[in-house]
Amino acid sequence: MSLRFGRKPTSSAASAGTTKAPRSAWFEDEFDKYEDKSDGSIGPDGVEKLCLALGVEPSDVLVLVLAWLLDAKQMGYFSREEWKHGAAQGLSAATSYESLKQLLTEIYSALRSSRSMDQLRSLHAYTHKFCREDRKKVIDVNSAVAMLQLLHGSTYPKHIPNMCEFLQEHETAKKRGVSSDEWSMILNFCTEIAPDSSNYQVRHIAGARHAGQGAQASVPVLRLMPSASLTPARARAPLHAAG
């Protein structure tokens with residue numbers, strides 16, 4: 001699937017890691033440049049052109065952050081109301097595409113710091129809602145993996161690859177999908193557990209996934225996920241038997 005959009009932040013999200021700047025009419029005026037006059041919104045073609053002007057791919061995480069700030073409701077579309085919402089969130093400080101890109105970069109960088117965990121959780125939670133199709137309450141594993149890599153791959157380089165591997169290998173997860181609770185707990189795992197799982201207290205952990213790395217190199221998800229069905233069979237072996 002194409003990854004383009006994000007989530008409504010808290011009122012302080014746009015200011016995370018940035019200082020207040022004078023409002024500019026530039027950002028709000030740019031909507032007219034990309035608007036599809038037939039429906040009054042920026043559609044897929046307009047989004048592509050906007051990304052080109054920003055110098056990013058539509059799948060770039062900055063586009064996701066932009067849509068989160070706009071509180072975009074539909075993939076591939078920005079309404080004028082959403083655009084104004086983004087301006088109120090701080091995007092009106094931008095005076096050019098270069099400054100808009102810089103602002104989005106600063107916001108995303110701040111979200112990844114320990115000072116802005118509430119905002120990061122907000123963005124993370126939205127991605128689940130964003131990926132859900134129709135009225136489903138789960139997202140498919142492929143979407144979950146793509147979003148985890150997009151949002152957190154560079155921030156948690158030890159956690160995310162193992163978590164993605166776990167999701168891709170587990171038959172129940174592939175059939176049932178990932179619930180919002182499980183999605184939230186994945187972020188909790190990344191932010192609270194050491195890369196080597198040394199501070200993770202469990203009775204059982206998953207067996208080592210890569211030869212020579214030991215049991216702690218795997219993803220201990222037995223209590224990470226609320227549903228025991230997401231725990232692979234080999235994770236049920238006692239710790240002393242793992243590996």
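Residues numbered from 1 in each chain as written. Predicted model: local features only at pLDDT ≥ 70, side-chain atom pairs only at ≥ 80, totals over all residues. Heavy atoms only, no water.

A. Representation of the environment of Q168. Residue position: Q168 is located in helix α8 (residues 159-169). Residues Q168 and A144, 24 residues apart in the sequence, show an inter-C-alpha distance of 9.6 Å. Sequence-distant contacts of Q168, that is, excluding residues within four places in its chain, are made with V141, V145 and K174. (Helix = DSSP H or I, 4+ residues; strand = E, 2+ residues; numbered from the N terminus. Contact = heavy atoms within 4.5 Å.)

B. Local environment of the confidence of the model for the protein. With 72% of its residues at a pLDDT of at least 70, the protein reaches an overall mean of 77. The least confident element of the protein, judged by mean pLDDT, is helix α9 (residues 171-176) at 86; the most confident is helix α2 (residues 44-54) at 97. Scored below 50 in pLDDT, residues 1-15 makes 65 contacts in the model with residues more than four places away or belonging to other chains. Per-residue pLDDT stays below 50 along residues 203-243; that stretch engages in 86 contacts with residues further than four places along the chain or on separate chains. (pLDDT = per-residue confidence, 0-100.)

C. Layout of helix α10 (residues 180-192). Between its first and last C-alpha, α10 extends 18 Å over 13 residues, near the 18 Å set by a 1.5 Å rise per residue. Looking at α10, one finds that the buried residues are E182, W183, I186, L187, F189 and C190. For α10, the arc enclosing every buried residue in end-on projection is 155 degrees, short of the 170-degree limit, so these residues lie on one face. Looking at the buried residues of α10, the elements they touch are α6 (117-131), β3 (138-139), α7 (141-152), α8, α9 and β4 (178-179). (Expected span 1.5 Å × (residues − 1). Buried < 20%, exposed > 50% of the residue type's maximum accessible area, 1.4 Å probe, protein only. Arc of directions from axis to C-beta.)

D. Summary view of the pattern of salt bridges. This model, assessed by the stated rule, comprises eight salt bridges. For K174, the salt bridge goes to E171, with nearest N and O atoms at 3.0 Å. Taken together, the positions of K174 and E171, both in helix α9 and three residues apart, correspond to about one turn of that helix. (Salt bridge = Lys/Arg side-chain N within 4 Å of Asp/Glu carboxyl O.)

E. The packing of aromatic side chains, seen in detail. All chains considered together, the criterion is met by four aromatic pairs. Between W26 and Y97, the ring centres sit 5.0 Å apart and the planes meet at 80 degrees, which makes this aromatic pair edge-to-face. Of this pair, W26 sits in helix α1 (residues 25-34) while Y97 sits in helix α5 (residues 97-111), and the two are 71 residues apart along the sequence. Under the relative-accessibility criterion, W26 is labelled buried at 18%. Overall, Y97 belongs to the buried group, its relative accessible area being 18%. Judged by centre distance (4.5 Å) and plane angle (0 degrees), the rings of F27 and W83 are stacked. Of this pair, F27 sits in helix α1 while W83 sits in helix α4 (residues 80-88); the two residues are 56 residues apart in sequence, bridging distant segments of the chain. Through pairs of rings, three or more aromatic residues link up here, namely F27, F31, F78 and W83. (Phe/Tyr/Trp six-rings, centres within 6.5 Å; stacked < 30°, edge-to-face > 60°.)

F. Geometry of the side chain of E182. Mapped onto the fold, E182 is located in helix α10. Separated by 3.1 Å, the side chains of E182 and R176 make a polar contact. (Polar contact = N/O pair within 3.5 Å; in protein donor to acceptor, adjacent residues only side chain to side chain.)

G. Focus on the layout of surface pockets. Its boundaries defined by the atoms lining it, the second largest pocket holds a volume of some 230 Å³. Looking at the second largest pocket, it is lined by 13 residues, and the ones nearest its centre are K73, Y126, K129, F130 and R132. Class assignment for the residues of the lining of the second largest pocket results in four nonpolar, one polar and eight charged. (1 Å grid on protein atoms, 1.4 Å probe; cavity = no way out; pocket = protein on both sides within 12 Å on 5 of 7 lines; lining within 4 Å. Points joined across faces, edges and corners; volume = space filled by probe spheres on them. Nonpolar A, V, L, I, M, F, W, Y, C, P; charged D, E, K, R; others polar.)

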